[in-house]
Amino acid sequence: MQRLVTIIKKEFIHIKRDKASLVIAVAMPLIFILIFGYAVNTDVEHISIAVFDNDKTFESREFIDKFSASNYFDIKIYTNSINEIEKLINEGKVKGALIIPPNFARKLYRNESSEVQLIIDGSDPTIARTALQSGLLISKMYSLKMQMKSLIQKGINPDAISSVDMRTRVWFNPNLESSKFTIPALIGLIMQNITVMLTAFTLVREKEKGTIEQLIVTPIKPMELIIGKMIPYILIGSVDFFIALFFGTYWFNVSVQGNIFLLIVLGLGFVVCALAIGMLISSVSKNQLQAMQMSLLFILPSVLLSGFIFPREAMPFLIRYGGSIIPLTYFINILRGIILKGVGINYLWKDVFILFIFSVSLLTIASIKFKKKLD
């Protein structure tokens, strides 16, 4: 215990002397949560489009108004040429175009099909999907309105016609806001990246400064050294977690539906797991450049494979299996389960158990890899 306390004191002295790194470590979660919180947003609105109205009737203008009244489309320009539409889309001034054919109103009143064309720039699939779905919905709603109007003119009560009435209900995120999906995962991603980087250089720094020889001749054991160096960073990582959690939930209005104390306890447990990853990287690296490269080699795939943005269910089996060996994958499940769904440990125990196994295994491997001898 005395040896462990000595290592802890030594590491606190290192941190105290490196004030710039300490300030950066505490400020990073705030900076990252604000930048990524606003930048990582899959809700697409205000898609700029051009309009080519060949009919110029009350009905065509009414149909155009339906597009402009929605939050999904902004009509930037009215044009009278297909060539101009092509030019506008190629220049990136608009993302699409609405083309209304001649005799649009006349065909509606004759109960004939009127083929309106919605051209979409598909170079960005996210914008294209939103534009297509929104355009189809607006068109169907307008068609339904005209059909109802036609039935009333014929003396038919639309309510007397049988139809399928589907009542939908979305749980946990009724407005389908992307921030409710990304912010919980973003908290986990930021915590992983910061804590891995905090400890990835601890042992390597000792090697490069030449102080590792002093540690080798002491009676301290590898596990004591690993744990002693981790404890100060556990405190820093815990502060970072509280900062990320506070700003992620309150600043972006993502309320915690479940037990906040359970979330804090499991969050601090993940801090230990992420720090253990950094200690393993530090124990096998020969210099800080190697430690940086190995950290990036771990961090970058975890962004893609953990389910942070892209659903893991859509990934091929081998890629999905690769994500299952990343601790962040399970912590994201915990974050979304507690913050969005409000579930308890009875639903999350598998993810918690796997994180515990990861933590113990990583610390054990790190202590085994650290050899008390010079190469």
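Keep in mind that what you see is a predicted model, and the values were worked out from it rather than measured.

1. Description of the overall build of the protein
- Within the protein, the secondary structure is distributed over 15 helices and 4 strands.
- In terms of overall dimensions, the protein is more spread out than a globule: its C-alpha atoms have a radius of gyration of 29 Å, far above the 21 Å expected for 375 residues.
- Counting over 375 residues, the protein shows a buried share of 44%.
- Within the protein, contacts between residues separated by at least 24 positions form 79% of all contacts whose residues are at least 6 apart in sequence.
- In the form shown here, the protein has an accessible surface area of approximately 21300 Å², with 62% of it arising from carbon and sulfur atoms.

2. Focus on the side chain of Ser48
- Structurally, Ser48 is set in strand 1 (residues 47-53).
- Residues in contact with Ser48, not counting those within four places in the same chain, are Asp74, Lys76, Lys93, Val94, Lys95 and Gly96.

3. Topic: the confidence of the model for the protein
- Counting all residues, the mean pLDDT for the protein is 85, and 94% of those residues have values of 70 or more.
- The element-level mean pLDDT for the protein is lowest in helix 9 (residues 212-216), coming to 65, with helix 14 (residues 327-341) highest at 94.

4. Concerning helix 15 (residues 345-369)
- In a regular helix each residue adds 1.5 Å, so 25 residues correspond to 36 Å; helix 15 covers 34 Å between its end C-alpha atoms and thus fits that length.
- At Asp351, helix 15 shows its maximal kink, close to 30°.
- Those residues of helix 15 lying buried are Leu348, Asp351, Leu355, Phe358, Ser359, Leu362, Leu363, Ala366 and Ser367.
- On its buried side, helix 15 packs onto helix 10 (222-251), helix 11 (260-284) and helix 14.

About the cut-offs
Residues numbered from 1 in each chain as written. Predicted model: local features only at pLDDT ≥ 70, side-chain atom pairs only at ≥ 80, totals over all residues. Heavy atoms only, no water. Helix = DSSP H or I, 4+ residues; strand = E, 2+ residues; numbered from the N terminus. Rg over C-alpha atoms; globule rule 2.2 N^0.38 Å. Buried < 20%, exposed > 50% of the residue type's maximum accessible area, 1.4 Å probe, protein only. Contact = heavy atoms within 4.5 Å. Areas by Shrake-Rupley, 256 points an atom, 1.4 Å probe, with all protein chains shown as cover. pLDDT = per-residue confidence, 0-100. Expected span 1.5 Å × (residues − 1). Bend = angle between axes of the 7 residues up to and from the residue.

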